[in-house]
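# Survey of secondary and tertiary structure
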Amino acid sequence: MASQDITPVGRDSAKASLLYDPKFRGYIFQAVTVLVIAGLVYWIVNNTIANLQRANLASGFGFLDGRAGFDISSSPYLSYTSDSTFIKALSVGILNTLTVAVVGIITATIIGFIVGIGRLSHNWLIRKLCTVYVEVFRNIPPLLVIFFWYLGVLSVLPQARESIKLPFSTFLNNRGLFFPAPVFGEGAWLAAAGLVAGIVGTFLVRRWAYKRQMATGQQFPVGLTALGLILGLPLLALIVKGFPISFDYPVLGAFNLRGGTLIGPEFMSLYLALSFYTASFIAEIVRAGIRGVGKGQSEASHALGLRAGPTTRLVVVPQAMRIIIPPLTSQYLNLTKNSSLAVAIGYPDLVAVGGTILNQTGRSIEVVAIWMVVYLSISLLTSIFMNWVNAKMALVER
């Protein structure tokens, strides 16, 4: 009888202890949150479908196979005409967005690192110039920076017949930048294969040089080796094939230029604006990262006989990268998303092309959904890559 009286009390205490268990409560809260979000999504979808049916509006993505009926000013990767489909038009917009994002990220990173290190220079003039650059671009909206390059710089360049002649048969005018276009002949693929082999070889040499330096302390000229592999192998392939690559040079005519390749002012202004604007934020991230490295590291390297340049390159910056990379990821994502401002100057990115499709078809929900999925995918892939880089840079416990 005594055991039967104790059992209910034990069960009650077990239930009470389970309710006070933080891990169990966490599972309960997560389950409730998932149910609330699922119910909210279900309500939004049903409400949207009901409203579309009430207004007799068609829905679905079948319209993407229809004829676009409009031209796109810049389609460097795909052969596009007004007879192409809507999905091909969106593909052109996505590729244009990726082009701006990739080249903008590379340029902004280079400028940002140079300016960020310059902000810590002992030279008064360099330090002040870098400070002025950061404070000016960081405090101006990116749309105004785009208008500055488009209306204040590129649009006031000379007309085509008065083009500014640059080296290597390159011309600059208010219609854009004209430069020689490569014409690939038979066997040119071998040069591309040589370039890929050079990049792979550079990666392998870098890994080997790092292990060698960790084991012996001796450095290997990775930079010169990489330059030799990346440039030498394609050049060797071209020599073997008898140089199957020629160039179509732009020729200045009476009113315009003929031949060559054109980079329009819309792309140039967007690329320059996003690069210089984002670089101002990257510069501050780099400066903060370098400041986060203890001064004892520099003093120790100077005591070992290293000069200021090698100290910054070999000691300070590698340690600062662990601080720099996480906020750097946010700036890369911001640059990618800011590329949607291209619609203001007529550059056919994803948003501009999607807006034209929306106006022609009235499929606002579908077009906005495509925008969201594409930008979300680009952002997630960028974050995954940067997290991988950050993991590679992290300290490894021995």
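Bear in mind that the values here come from a model prediction, so they are computed numbers and not experimental data. (Residues numbered from 1 in each chain as written. Predicted model: local features only at pLDDT ≥ 70, side-chain atom pairs only at ≥ 80, totals over all residues. Heavy atoms only, no water.)

## Remarks on the overall build of the chain
The helix and strand tally for the chain stands at 12 helices and eight strands. Against the 2.2 N^0.38 benchmark of 21 Å for 398 residues, the chain shows a C-alpha radius of gyration of 29 Å, more extended than a compact globule. Each principal axis of the C-alpha atoms in the chain carries an extent, and together these give about 110 × 75 × 50 Å. Nonlocal contacts in the chain, meaning residues at least 24 apart in sequence, comprise 67% of its contacts between residues at least 6 apart. Surface exposure of the chain reaches about 24500 Å², of which carbon and sulfur atoms provide 67%. (Helix = DSSP H or I, 4+ residues; strand = E, 2+ residues; numbered from the N terminus. Rg over C-alpha atoms; globule rule 2.2 N^0.38 Å. Contact = heavy atoms within 4.5 Å. Areas by Shrake-Rupley, 256 points an atom, 1.4 Å probe, with all protein chains shown as cover.)

## Concerning the UniProt feature "transmembrane region" (unreviewed entry) in the chain
According to UniProt, the positions carrying the feature "transmembrane region" (unreviewed entry) are residues 27–45, 86–115, 136–157, 177–205, 226–247, 267–286 and 368–389. In residues 136–157, the share of helix is 73% and the share of strand is 0%. The end C-alpha atoms are 24 Å apart. Taken end to end, residues 368–389 is 100% helix and 0% strand, and its first and last C-alpha atoms sit 32 Å apart. (UniProt positions renumbered as here; feature names shortened; annotations may be inferred.)

## Examining the nonpolar core
When a protein is soluble and globular, its nonpolar side chains tend to lie buried together. Core analysis: the largest hydrophobic core is formed by 39 residues, its most contacted members being Val115, Tyr133, Leu270 and Ile324. Listed by contribution, the elements that provide at least two residues to this core are helix H3 (86–118), helix H4 (124–138), helix H5 (142–154), helix H8 (265–291) and helix H10 (308–338). By residue number, the principal contributor to this core is H8, which donates 12 residues. With residues up to four places along the chain from it excluded, the contact list for Val115 reads Cys130, Tyr133, Val134 and Ala283. (Core = buried A, V, L, I, M, F, W, Y, C linked by side-chain atoms within 4.5 Å. Buried < 20%, exposed > 50% of the residue type's maximum accessible area, 1.4 Å probe, protein only.)

## Here we look at the side chain of Asn96
When you line up the elements, Asn96 lands in helix H3. Engagement of the side chain of Asn96 in a polar contact is seen with the backbone oxygen of Ser74, the distance being 3.0 Å. (Polar contact = N/O pair within 3.5 Å; in protein donor to acceptor, adjacent residues only side chain to side chain.)

## Structural notes on the pattern of salt bridges
According to the stated counting rule, one finds five salt bridges in the structure shown. Between Arg119 and Glu284 there is a salt bridge; the shortest N-O distance is 2.9 Å. Taken together, the residues Arg119 in the loop between H3 and H4 and Glu284 in helix H8 connect sequence positions 165 residues apart. The residues Arg119 and Glu284 share a single accessibility class, namely buried. Note that Arg138 and Glu135 form a salt bridge whose closest N and O atoms lie 3.2 Å from each other. Residue Arg138 and its partner Glu135 are both found in helix H4; the two are separated by three residues, about one turn of the helix. Judged by relative accessible area, which is 29%, Arg138 ranks as partly exposed. A relative accessible area of 34% means that Glu135 is categorised as partly exposed. (Salt bridge = Lys/Arg side-chain N within 4 Å of Asp/Glu carboxyl O.)

## A few points about the UniProt feature "domain: ABC transmembrane type-1" (unreviewed entry) in the chain
Annotation from UniProt places "domain: ABC transmembrane type-1" (unreviewed entry) at residues 94–386. Secondary structure across residues 94–386 divides into 69% helix and 9% strand, with the first and last C-alpha atoms of the span separated by 21 Å.

## Here we look at the confidence of the model for the chain
Here the chain averages 87 in pLDDT, and 94% of its residues register 70 or above. Taken element by element, the chain is modelled with least confidence in helix H1 (residues 2–19), mean pLDDT 56, and with most confidence in H3, mean pLDDT 95. (pLDDT = per-residue confidence, 0-100.)

## Some points on the packing of H3 against helix H11 (residues 350–361)
Two quantities define a packed helix pair, namely the angle between the axes and the distance from one axis to the other. Where H3 contacts H11, the two axes come as close as 7 Å, and the packing angle between them is 155°. By the angle between their axes, H3 is roughly antiparallel relative to H11. Taking contact as the criterion, the partners of Phe86, Ala89, Leu90, Gly93, Ile94 and Thr97 in H3 are, on H11, Leu350, Val353, Gly354, Ile357, Gln360 and Thr361. (Axes fitted to C-alpha atoms, helices over the stretch in contact; angles between N-to-C directions. Parallel < 35°, antiparallel > 145°, perpendicular 65-115°, else oblique.)

## Brief notes about helix H7 (residues 222–240)
End to end, H7 covers 26 Å across 19 residues, agreeing with the expected 27 Å (1.5 Å per residue, within 8%). Bending of H7 peaks at approximately 30° at the position of Gly232, with proline Pro234 no more than four residues after it. Buried-residue contacts for H7 involve helix H6 (189–216) and strand S5 (245–248). Just downstream of H7 lies Gly242, where phi reads positive at about 75°. (Expected span 1.5 Å × (residues − 1). Bend = angle between axes of the 7 residues up to and from the residue.)

## Observations concerning unusual backbone geometry
Phi at Ser169 is positive, roughly 55°, even though this residue is not glycine. Structurally, Ser169 is set in the loop between strand S1 (164–166) and strand S2 (170–173).

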